[in-house]
Structure formats: C-alpha cells, structure tokens
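What follows is the residue order along each chain.
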Amino acid sequence: SITFGEGPLGIGVWLQTIVTDFWDGPFTETIMGAIESMGAADWASGLVGDGILAGVGGVVSFLPQILVLFLLMSFLEDSGYMARVAFVMDKLLRKIGLSGKSFVPMLIGFGCSVPAIMASRTLSSQRDRKMTIIVTPFMSCSAKLPIYGMIIAAFFSDKAPLVMITIYCIGILVAICSALLLKATVFPGDPIPFVMELPSYRIPTAKNVIMHMWEKAKDFLKKAFTIIFIASLLIWFLQSFNFRFEMVSDSSKSILAYIGSKLAFIFEPLGFSDWRLSTSLITGITAKESVVSTLSVLTNSATPAALYRSLHMLLTPASAFAFLTFTVLYMPCVAAFAATKRELGSLYQAILTALYQTAVAYIVAFIVYHIALLIS
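Note that the coordinates shown come from a computational prediction; the quantities given were computed from them, not determined experimentally.

### Quick word on the packing of aromatic side chains
Here comes step 1: For the structure on display, the rule yields 12 aromatic pairs.
Here comes step 2: Taking the centre distance of 5.0 Å and the plane angle of 85° together, the rings of Phe 243 and Tyr 258 count as edge-to-face. Of this pair, Phe 243 sits in the loop between α11 (227–240) and α12 (255–263) while Tyr 258 is found in helix α12, placing the two residues 15 residues apart along the sequence.
Here comes step 3: Between Phe 267 and Phe 326 the ring centres are 5.4 Å apart and the planes differ by 80°, which places this aromatic pair in the edge-to-face class. One end of the pair, Phe 267, is in the loop between α12 and α13 (275–283); the other, Phe 326, is in helix α16 (residues 317–329), and 59 residues separate them in sequence.
Here comes step 4: Owing to a relative accessible area of 2%, Phe 326 belongs among the buried residues under this scheme.
Here comes step 5: One aromatic cluster is present, formed by Phe 267, Phe 272, Phe 323, Phe 326 and Tyr 330 through successive ring pairs.

### Comments concerning helix α9 (residues 160–184)
Here comes step 1: In a regular helix each residue adds 1.5 Å, so 25 residues correspond to 36 Å; α9 covers 36 Å between its end C-alpha atoms and thus fits that length.
Here comes step 2: Those residues of α9 that fall on the buried side of the exposure criterion are Val 163, Ile 167, Ile 170, Gly 171, Val 174, Ala 175, Ser 178, Ala 179 and Leu 182.
Here comes step 3: Those residues of α9 hidden inside the fold are in contact with α5 (103–108), α7 (126–135), α8 (145–155), α16 and α18 (347–375).

### Re the packing of helix α17 (residues 334–344) against α18
Each packed pair of helices is defined by two parameters, the angle between the axes and the distance between the axes.
Here comes step 1: The interhelical angle for the contact between α17 and α18, taken along N-to-C directions, is 130°, at an axis separation of 8 Å. The angle between the axes of α17 and α18 places the two elements in the oblique class. The two elements α17 and α18 meet at a crossing, and its hand is right-handed. Of α18, the residues touching α17 (which contributes Phe 337, Thr 340, Lys 341 and Leu 344) are Leu 347, Gln 349, Ala 350, Ile 351, Thr 353 and Ala 354.
Here comes step 2: Classifying every residue of the contact of α17 with α18 gives six nonpolar, three polar and one charged.

Reading the values: the criteria
Throughout, residues of each chain are indexed from 1 in the direction in which the sequence is written. Where totals are concerned, whole chains, interfaces and linings use all residues; where local detail is concerned, this predicted model gives features only for residues with pLDDT of at least 70, and gives and counts side-chain atom pairs only at 80 or more. In computing side-chain properties, one takes all heavy atoms of the structure into account and sets aside hydrogens as well as water. Geometry of aromatic contacts follows a simple scheme: Phe, Tyr and Trp rings, the Trp one being its six-membered ring, pair when their centres are within 6.5 Å, and the pair is stacked under 30 degrees between planes, edge-to-face over 60, tilted otherwise. The secondary structure listing takes helices from DSSP runs of H or I that are at least 4 residues long and strands from runs of E that are at least 2 residues long, numbered from the N terminus. Burial classes: relative accessible area under 20% of the type maximum marks a residue as buried, over 50% as exposed, and values in between as partly exposed (1.4 Å probe, protein chains only). Multiply 1.5 Å by the residue count of a helix minus one, and that product is the helix's expected span. By definition, residues are in contact when any of their heavy atoms lie within 4.5 Å. For helices, the axis comes from a line fit to the C-alpha atoms of the stretch in contact; other axes are also lines fit to C-alpha atoms, and the angle between any two N-to-C directions lies between 0 and 180 degrees. By the definition adopted for this analysis, an angle is roughly parallel if under 35 degrees, roughly antiparallel if over 145, roughly perpendicular if from 65 to 115, and oblique otherwise. Here a crossing is called left-handed whenever its near helix is offset anticlockwise from the far helix by less than a right angle, and right-handed whenever the offset is clockwise. By the convention adopted, Pro, Cys, Tyr, Trp, Phe, Met, Ile, Leu, Val and Ala count as nonpolar, Lys, Arg, Asp and Glu as charged, and the other residues, Gly among them, as polar.

Okay, structure coming up:
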C-alpha cells in the first residue's frame with residue numbers, strides 16, 4: 001500500500017481518487033462552464049451535470065480499481081497460478097454443485113460483479129456458467145462499501161469490525177446455500193469432471209498481461225457508456241420531474257419519490273418502510289453508491305453527521321442491519337445486469353436471475369430483522 005491523504009490506501013483506491021477528483025473537478029467544471037456560458041436551460045444543465053456526468057462518472061471512477069484487478073488477475077493467469085487454485089478448490093466447490101473454476105469469478109466478485117460475471121466464460125459447461133453467474137453477485141463488491149460505512153458509522157460504530165465481517169460472511173453463506181438450492185432444483189446433477197493439464201510456472205510477459213487486461217477492461221468501458229449512460233438518464237429524469245413533466249427542485253415531489261412511496265409498504269416486514277429508503281434502493285440499481293447519495297439528498301443532509309441523525313429517525317439498529325443485509329444481496333447494478341444478459345445470452349434469463357437475487361435478499365433480510373429483534 002501507499003500513503004495518500006490521511007491513511008494507507010491500495011494503489012487502486014489511490015488511482016480511483018485521482019480519476020474521481022479529475023472527473024468531479026476540472027472535467028465537470030469545464031463542461032458545465034461551457035454549458036452555462038451558452039445560456040442553457042435548467043433542465044439541460046441538470047441533464048448533463050446530474051444525469052450524464054454524475055451517472056457515468058460514478059462508474060468510470062471504478063475503472064482504476066478494475067484495471068488493477070484485471071492486471072493482477074492476468075498476471076496470475078499467465079504465471080500458471082490460477083489454474084492451480086481452481087484445481088485445489090474443485091473438491092470443495094463440487095460439494096455445492098460448482099466447478100473449481102467457479103472460484104475465480106467468485107473471488108473477483110469481491111472487487112466488482114461486472115468482471116466477475118464476465119470471468120465465468122472460462123467455464124466450459126453451460127450449467128456451471130449459469131450457476132456461477134447467479135451466485136457470484138452475492139459476494140460483497142467494493143461499490144457497496146459506502147453503504148456499509150454509512151450504516152455502520154450511524155448505528156454500529158463501536159462494533160464496526162464485527163459487523164463488517166458479519167456482512168461479508170452473510171454474502172458468502174447465502175452464495176453457498178443458493179448454490180445448493182439451485183443444484184437440487186433448477187440445475188440438478190454434478191459439474192463436469194475437472195480434468196486439466198497444469199501449466200508450468202512461468203514469468204508472464206508485460207505485453208501479454210497488458211493485452212489481456214485491456215481486452216477485459218474494454219467490455220467494462222462499453223457498458224459504462226451505453227447501458228449505464230441510458231440508466232443514468234432515466235434515473236435523473238424520474239428524480240427531476242413530476243408527472244406533469246415539470247422540473248422539481250424538491251426530490252420528494254418527483255416521479256421517483258412517488259414510485260418509492262408506493263413500494264415502501266413492501267419493505268415494512270423488514271423494518272424499514274419510509275419512502276426515502278425504498279427510493280434509495282431503486283437508485284441503487286444504477287450504482288450501489290447511489291444509495292448513500294440519494295439518502296443524503298432526500299433527507300436534506302449536507303454532512304455525514306446530519307445524515308446519521310436522519311437515519312436514526314428512519315431506522316432502528318435491528319432494521320438498519322436488515323437494510324444493510326438487503327443492500328448486500330439484492331440485484332446488482334445495471335452494469336452487472338447487462339453483463340449477466342450478455343453472458344446468459346437472454347434478457348428473460350437475466351431478469352429471472354435479478355428477481356431471484358432480490359427475492360433471496362428479501363427473505364434473508366426478513367430473517368435477519370426478526371432475529372435481531374429477538375436478540376435486542
């Protein structure tokens with residue numbers, strides 16, 4: 001690690017900070033300055049600033065981490081190490097219906113679900129690929145860290161390490177149980193025999209590593225400027241206009257807030273029924289970090305301390321942990337959904353996968369909430 005700012009951060013986070021500062025600073029300021037100098041209408045400024053630049057920027061900021069992840073994964077693959085990891089893990093994963101090769105996508109899933117789902121293409125069996133794609137998003141990706149930080153700081157600051165470890169363990173346990181369930185129902189049978197010739201250890205060449213890294217990162221960039229671009233515009237529109245197509249300055253009067261208020265009752269059994277919480281979960285489909293920013297806007301909280309106070313009015317410790325559990329497990333972001341559609345080759349199957357993941361999240365959060373009530 002290297003020192004940057006106030007503490008030691010990994011190289012990926014350091015590069016992410018540089019990209020984020022540039023995107024949110026000079027890049028955005030230059031574009032918004034040009035738009036304002038042209039005398040653009042408020043809706044046009046909001047479209048570019050809050051819709052396009054904020055939406056796409058939130059995803060592009062993760063590119064450095066993904067590049068570092070792909071760089072290291074390419075290095076391990078070319079060195080012959082990853083083949084041995086898959087071989088060693090095969091016996092353990094076979095017990096829950098997965099192949100040893102599934103270990104690599106699931107490991108990548110702790111960084112980002114998009115490259116993790118894309119990595120499933122290395123599996124030769126369609127059965128193994130589909131099971132891996134379905135359970136991999138249960139791994140806790142780095143985009144959810146802002147949500148963890150918000151909830152833990154507000155309710156569990158004195159037990160932060162324990163709560164963080166528990167959340168990660170819940171994701172892993174749900175992935176295991178989900179794989180066992182899928183093996184017994186939708187995907188019966190066993191993974192195909194794992195027969196492979198272990199390559200010799202070798203020193204990877206810089207050319208091959210960089211080429212493999214770029215090939216994987218290129219797919220991510222395509223999604224960032226297509227699917228995520230469109231989704232960001234849709235969320236901005238829903239959050240900025242009412243049903244009379246009038247631009248609103250108060251997000252609580254927007255179409256998105258109305259939709260969130262109508263869905264709020266669904267989450268009442270989980271302990272959180274406020275429309276602001278359900279609305280934040282909707283925006284979280286675009287990017288999980290949006291949950292935090294949406295709650296900040298809807299609760300008029302300009303500082304973290306103000307946001308924590310607002311959360312205490314919306315949640316109890318038990319419902320806060322249930323909310324945290326749900327955000328860990330429910331369907332991943334639009335980019336991951338797009339990757340799922342591409343790898344499964346069917347929009348219908350991708351929708352079913354997202355619905356299944358969200359249903360699992362609901363059931364687990366329900367159980368967690370009522371257990372927390374009994375303990376507290």
